[in-house]
There are 2 protein chains.
Amino acid sequence: MSEGPYDIGPGRPRLDALAKACGTERFSADVYPPDLLWAGACRAGIPHGRIRAVHTDEAARLPGVHAVLVRSDVPGTNRQGIVHKDMPVLCGDKVRHAGDPVALVVAESRTVLQQALALVRMDIDPLPVLGDMDAALADGAPLVHEGHGSNILLAAEIRKGNAEAALRECDVVIEETFHTPSQAHAFLETENGVAHLDGNGVLHLTVSTQAPFRDRFEMGHALGLPPWNIRIRNPFLGGGFGGKDGATVQCLLGLAALRLPGRTIKMWWDREESLLAGYKRHAARMHYTLGAMRDGTLKAVTCRLHYDTGAYAHLGGEIMELGMEHAAGPYRVEHMDCMGWCVYTNNPVAGAFRGFGVAQVSLAFEGMMDRLADRLGMDRLELRQRNALRRGDRNCAGVTLTTSTGLGECLRRVAEHEFWTGREAWKRAAPPFTRRGVGVAAVFNGMGYGRGLADSAIAKIELTPEGRFVIHSGVTDMGQGNASTYAQIAGEVLCQDAGRLTVPQPDTETAHPSGSASAGRTTYTFGKALIAACERMAEKLFRRAALVLLADTPEGFTLVPGAVRHLPTGRDVPLTMLGTMLPRDDRICVGEYMMPVSREVPDTGKDFVIGFPHLIFPYAAHLVRIELDELTGSIRVCDYLAATDGGRVLNPVNFHQQIEGGVAQGLGFALMEDFATHNGHIRTRDLSTYLIPTSLDLPDTVSVAVDTVEQSGPFGMKGVGEVGLNGPLPAVASAVSDATGAHPDRGPLDAETVLHLLARGARA
Amino acid sequence: MSEGPYDIGPGRPRLDALAKACGTERFSADVYPPDLLWAGACRAGIPHGRIRAVHTDEAARLPGVHAVLVRSDVPGTNRQGIVHKDMPVLCGDKVRHAGDPVALVVAESRTVLQQALALVRMDIDPLPVLGDMDAALADGAPLVHEGHGSNILLAAEIRKGNAEAALRECDVVIEETFHTPSQAHAFLETENGVAHLDGNGVLHLTVSTQAPFRDRFEMGHALGLPPWNIRIRNPFLGGGFGGKDGATVQCLLGLAALRLPGRTIKMWWDREESLLAGYKRHAARMHYTLGAMRDGTLKAVTCRLHYDTGAYAHLGGEIMELGMEHAAGPYRVEHMDCMGWCVYTNNPVAGAFRGFGVAQVSLAFEGMMDRLADRLGMDRLELRQRNALRRGDRNCAGVTLTTSTGLGECLRRVAEHEFWTGREAWKRAAPPFTRRGVGVAAVFNGMGYGRGLADSAIAKIELTPEGRFVIHSGVTDMGQGNASTYAQIAGEVLCQDAGRLTVPQPDTETAHPSGSASAGRTTYTFGKALIAACERMAEKLFRRAALVLLADTPEGFTLVPGAVRHLPTGRDVPLTMLGTMLPRDDRICVGEYMMPVSREVPDTGKDFVIGFPHLIFPYAAHLVRIELDELTGSIRVCDYLAATDGGRVLNPVNFHQQIEGGVAQGLGFALMEDFATHNGHIRTRDLSTYLIPTSLDLPDTVSVAVDTVEQSGPFGMKGVGEVGLNGPLPAVASAVSDATGAHPDRGPLDAETVLHLLARGARA
């Protein structure tokens, strides 16, 4: 009995749900081949210093130790980095943050590994620590990268109109400086993988990564071997959020495997190592001036953004670019002058994180909007509605919005919701010693890579001899559920039920390069490629079935579950027959897609090499109702509403899970998460000090999908992986100012901060 | 140094020319694996009889004999046949022609094989022999196939208008009966192959065949194994001409290999066995009535066609269909009534042969045209020009000609040629005791399978890691040069030189089903599929090169020899780089094509299941100048002109070779070839009695390509593999009547026939 096609539209259960709920899914961390060896990095321990010597003899002599490797053992360039290759696999002359790896130990057990790591002695002459951006930008500050010439990784500017002149003509001008902290991804499955070099010289990895195909190039470059001699398997991830977009364990594992051919090596960072050596969200400082007319029309904005990228570039420049591109929010602003600096410090390396540079400016600009509304005596939501971008407008970066632009509809859904219409009564009903506040925020988040770097995917679908379809996904499923959506897309195009569809996770040997799992792009880009592949498959099967039936045209055929049907005669050709008959290369179809880019080149952003500007944006309007304890300052989130424009929804279950996950992680960023450092040393080494929200801290999110169509997208969708994270911090800040009368200028809004605001509000 | 692209248009040398001229090409017959065994068939020897017993013991006991197999050893249905499966692999109860196989012997050498074959004793009770169609159609004749109910394989009719009524209104009505003989293909390489069953149960064959993919189904059906467990390699053929379109050695070899797993078995028919047991052209008898108006306008034709298909159906019904479809020549004839009978006899099996049923009716209808012209006192060429089909006309089968129809232009080229304009002076200059004559003929030949059976091809092109392209051809090159043309097509689309293009001959494991090498279809159908595959490859390479160059669109790329070039920046991505980078499944592109069919269903031909009607026709006008010896009757062909409409010419060298080859084989049919039988026994057992023309018998053919475009075809071409054969017999007959004053009614026009005509002409 067929259950009917696993198709687009209805809320299909995710194919991976059961295995994950039952704990039977095998993640990379679950891979334990027999006779494996353990690898671990010996890390600098001090944030800035010059290496005089590394003594490995004692560690190497320890029984059970198979190798102790240092910089001179790295056969390639020793350089990693997605855009700028400034990060060594093993440090040779200098360490730039406390987590920098100096030696790599391979041992027969984790116990021996820990003993050996303790026996490696490093002679490192300390250098002055650049613990924050002020220190790094001070006159005479030592250089983190001497070759780079300054501690500024990238300085850039976006100009539209003449903001300085326009500000002089505004009825109202306000100014503020905002701060957002660093944030840890805190995924369940920390960085890990296994590697071995086979007898043919092929290096095999199974690794928890968001970019298996790019990893091959990273490893090849750093370790001096052809990327095509590296095969990467990429099981489901136990979380990624950007933190696995870039090399973590890959090159270290590769180095160990090259040294010990035939042996399987495992590396798995514990939570402390993950917090110390993994990537983080960029802490930011943002100075804004906003000018508007008396009726609330936004006129001009200037902003000066500083992003702390830590010791290495990673995607720091590009993350700051996205912040700048979104700096004036999803609004019509005629004049903008935005300058940005991405700064090297001796802090842990900052990198990609859901909300990629935009989560920071969302606090700032939405904070400016609240201040402006209050100054003008306007309703905060009405101010946003008045200025919200519409299709055909130019956004603050100067790009004409030619694609779906549903922010107005998002705001309308919030304005009509009882959380908003009933807010005054609800606030008045606050219990004793508590205050209630309602906050709103409007956010957006460019989808895909933007210009200068093809946002491309290559999908492969295979008909098996058993008459099933295998969708060879080239992009990671880190939990967002794209694998299941791919099955749905194939099920829709090919009219097949779930039992005939499998989606193995990426393997560079069998799947094709499709870019990273990032930028809200996977379902959009790979989905489009997959539709093309499935359409080719359908066309092919019609033509092959025509041969079987001796029909002389391929017309009049359709797919039904398990078969190709010839409508004029009603005859079915079973997929098992076609699968058996066709030679292997004829059972495969490949489809490809390249995301369109803006053909408008704004006379701005000229310092950007890649990633600017974007063409397609999901939008959202968020509303939060909070209750805060006047005595302790603690916040309880009572209600949360997210109205999201993600184009057409392919599967409501997945869609709302993405929004709920983004809101939860955003509320962590809003309420408690602060990956603080002190003089380059991290202050939170585990999840008892680095706090993230639990389900008890969070309300049920009411997620509403707004009815738009992204014409370019697969079945009209666009990606909502990131936009949901950008709303909570500004929305909570808005609610806090509503409750306290004082406008927050930073996150997280922990109890101490709230108590200060309460005091300031009382004074105001 | 690149030689420049191996592209379409100029006369590129064939890639296989050198190896063939030097004798280094390896045909199937050249395959001699170590330790091979020889297989041979023990054949009936009598044309019709009932088998009582087959005694194999003595043969089996002979040292060196590995197996002696009979009907009961065949594991499957034991039935072969492309449309009707009426031909046994080994006969069990009855023999139907003298070459029918009754037992199969496998021995360690050819010598032992011959000895063993002589030791097989067959007890066969003779039945009355149906030595010709009259005998087979006589009342009370025994049935060749008792299950079939009559000796008529297929009786069919094509009616257009009302010929009977129209004939009564004609100014002139003439009537005649024509005969054409059977003809042997007489290829250099007789039927042969090798086979072995490997340890995985896969049956491997290397065989001289025109239809490797169909052979798998023939063998699977007859021998009871899945077609996908059969792998067929199909090297260049030393000639085919239709005689290898259908199973010859395949099932016998397969049977031997199944019986002797692991052993390699070779079978190679000698010339006598080839003449006895191979396929032949259908002998035909054709009765015509033609009515016309005084001005030469053709009005009505009736014809009654009989084709002798021999003991088995093979493609007899379809061959007769083509004869009927072409029965009234390439002319506008308002009314036609054509009836056809394809008749079983006890003669050797007739099958496909270049000119497939059309060569026969070409003699008849062109003979009618000459008679009509003479009766009306009209110029023979002018009569043809007046009635020649033009685009938009309906042909005699009722099909509107929507595709290229260049006959008028072919006739014009003949009319303007000095062979025609100077004919009277040339004839007057005949030496003593000789006469000179000039003949013309207009012919056509439907291309492809026609309706009811998809004329389809699937082309696969592969980029190798070395940056070369491999074109996996799915259709045989039997000498017509299609492999080289495929390289040219790929060279044209991909702009690559010959050194980067290889075209391995078909292998069912690596190539994809693309139909048979027949019906003038291979370059057209596979060429179109290959263009699609190459265009996909180009598009793919542009997209992959865009990724390498970090370009954000696949626009502005082009292929140059050895590389993909990005025109905006002038950067090249070498094919070697792309070949190394791309995973295997991404280095392959598949293209497919299905020949269009007529959407018009004439209210005729309703008895045809497949193959009727055709949509696309090549046309030709032929002129021959002969000199005949009044004393001996022997003919010398002095000049030959063939003006051919084959659409655009892809490679003049190949095009003219096809025409010259067809004319040569057609002149053999016209002048000397007569595969005669007497009471079911063949009268010519070798090439000293079955005569074919040598280069000394033939003039240099002047081949002229007429400038038309077949819009549906690859670069505007259509296939000319067959049409060239249809002209010589009617053209020579026309010249003989010009020289003798008597109209021939049969072929071949050997000396004896010519002497009779001379005598008749003198009496007239």
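Given the structure is predicted, the values throughout are model-derived calculations rather than measurements. (Residues numbered from 1 in each chain as written. Chains lettered and ligands numbered in written order. Predicted model: local features only at pLDDT ≥ 70, side-chain atom pairs only at ≥ 80, totals over all residues. Heavy atoms only, no water.)

S.K.: How should I be thinking about the nonpolar core in this particular structure?
M.R.: General note: in soluble globular proteins, nonpolar side chains tend to be found buried as a group. In terms of nonpolar packing, the biggest core is built from 114 residues, with Tyr288, Leu298, Leu305, Phe365, Ile635, Val732 and Leu749 of chain B touching the most fellow members. The greatest single-element share of this core, amounting to ten residues, is contributed by helix α10 (residues 358-376) of chain B. Excluding anything up to four places from it in sequence, Leu749 of chain B contacts Ile635, Ala670, Leu671, Leu729, Val732, Ala733, Val736, Pro744, Val754 and Leu757 of chain B. One finds Met133, Ala352, Ala364 and Met369 of chain A within the second-largest nonpolar core, a separate group that totals 113 residues. (Core = buried A, V, L, I, M, F, W, Y, C linked by side-chain atoms within 4.5 Å. Buried < 20%, exposed > 50% of the residue type's maximum accessible area, 1.4 Å probe, protein only. Helix = DSSP H or I, 4+ residues; strand = E, 2+ residues; numbered from the N terminus. Contact = heavy atoms within 4.5 Å.)

S.K.: Is there a simple way to explain the pairing of strand β13 (residues 230-233) of chain B in this structure?
M.R.: For a regular strand, side chains alternate in direction, first toward one face of the sheet and then toward the other. Residue and element names in this part refer to chain B. Across four bridges, the pairing between strand β12 (residues 203-207) and β13 is parallel. Across the sheet, residue Thr206 finds its bridge partner in β13, namely Arg233. In this fold, β12 hands off to helix α6 (residues 212-223), which returns the chain to β13; that crossover is right-handed. (Pairing = 2+ DSSP bridges. Right-handed = clockwise from strand over helix to strand, strands pointing away.)

S.K.: Got a minute to help me understand the relation of the copies chain B and chain A in this structure?
M.R.: Relating one copy of the chain to the other requires a rotation about an axis plus a shift along that axis. Aligned on chain A, chain B shows an RMSD of 0.0 Å; the corresponding rotation is 180° and the shift along the axis is 0.0 Å. On the angle and the small slide along the axis, the relation comes out as a two-fold axis. Relative to the rotation axis, the C-alpha of Asp585 of chain B is the closest in chain B, positioned 3.9 Å from it. When the interface residues of chain B are mapped onto chain A, 100% of them are again interface residues, pointing to one common binding face. (Least-squares fit on C-alpha atoms with pLDDT ≥ 70 in both.)

S.K.: Help me understand the domain arrangement of chain A in this model?
M.R.: Reports often express the size of an interface as the amount of accessible area lost when the parts come together. Residues and elements named next belong to chain A. Parsing chain A into structural domains produces domain 1 (17-26 + 456-594), domain 2 (31-127 + 191-268) and domain 3 (283-449 + 601-763). Using only C-alpha atoms to locate each centre, domain 1 and domain 3 end up separated by 38 Å. Here domain 1 packs against domain 3, burying approximately 1,400 Å² in sum over the two surfaces, 61% of which is carbon and sulfur. Of all residues in domain 1, Ala519, Gly520 and Tyr524 give up the largest surface area on contact with domain 3, accounting jointly for 38% of the area buried on that side. Our count for the domain 1 to domain 3 interface comes out at zero salt bridges. One can count seven residue pairs in polar contact (both at pLDDT 80 or more) joining domain 1 with domain 3. Breaking the side of domain 1 that touches domain 3 down by element, the ones donating at least two residues are α15 (482-494) and α16 (522-548). (Domains from an automatic or database assignment. Buried area = accessible area lost by both parts, 1.4 Å probe. Salt bridge = Lys/Arg side-chain N within 4 Å of Asp/Glu carboxyl O. Polar contact = N/O pair within 3.5 Å; in protein donor to acceptor, adjacent residues only side chain to side chain.)

S.K.: Please explain helix α11 (residues 380-387) of chain B as it appears in this structure.
M.R.: Turn by turn, an α-helix covers 3.6 residues, leaving residues three or four places apart pointing in a common direction. All names here are of chain B. Every buried residue of α11 is accounted for by Arg380, Leu381, Leu383, Arg384 and Asn387. Angular distribution of buried residues about the axis of α11 spans 160°; they occupy a single face of the element. Buried residues along α11 sit against β16 (298-310), α10, α12 (407-416), α13 (418-421), β18 (434-444) and α20 (728-740). Residue Asp379 occupies the N-cap position of α11, its side-chain oxygen lying 2.8 Å from the main-chain nitrogen of Leu381. (Arc of directions from axis to C-beta.)

S.K.: Which parts of the structure should I look at to understand the pattern of salt bridges?
M.R.: Any two side chains of opposite charge can pair, on the condition that their charged atoms come close. All names here are of chain A. Evaluation of the coordinates by the stated rule reveals 104 salt bridges over all chains. Between Glu627 and Arg436 there is a salt bridge, and its shortest N-O distance comes to 2.9 Å. Of this pair, Glu627 sits in strand β26 (residues 619-629) while Arg436 sits in strand β18 (residues 434-444), and the two are 191 residues apart along the sequence. When sorted by exposure, Glu627 lands in the same class as Arg436, which is buried. With its nearest N and O atoms 2.7 Å apart, the salt bridge here joins Asp586 to Lys540. Separated by 46 residues along the polypeptide, Asp586 in the loop between α17 (575-581) and β25 (588-594) and Lys540 in helix α16 bring together distant segments of the chain. Per residue, the accessibility class of Asp586 equals that of Lys540, and both read buried.

S.K.: I'm lost on the side chain of Asp7 of chain B in this one. Help?
M.R.: Of note, Asp7 of chain B is situated in the segment before α1 (17-22). Residues contacting Asp7 of chain B, with those up to four places away along its chain left out, are Arg12, Gln488 and Glu492 of chain B.

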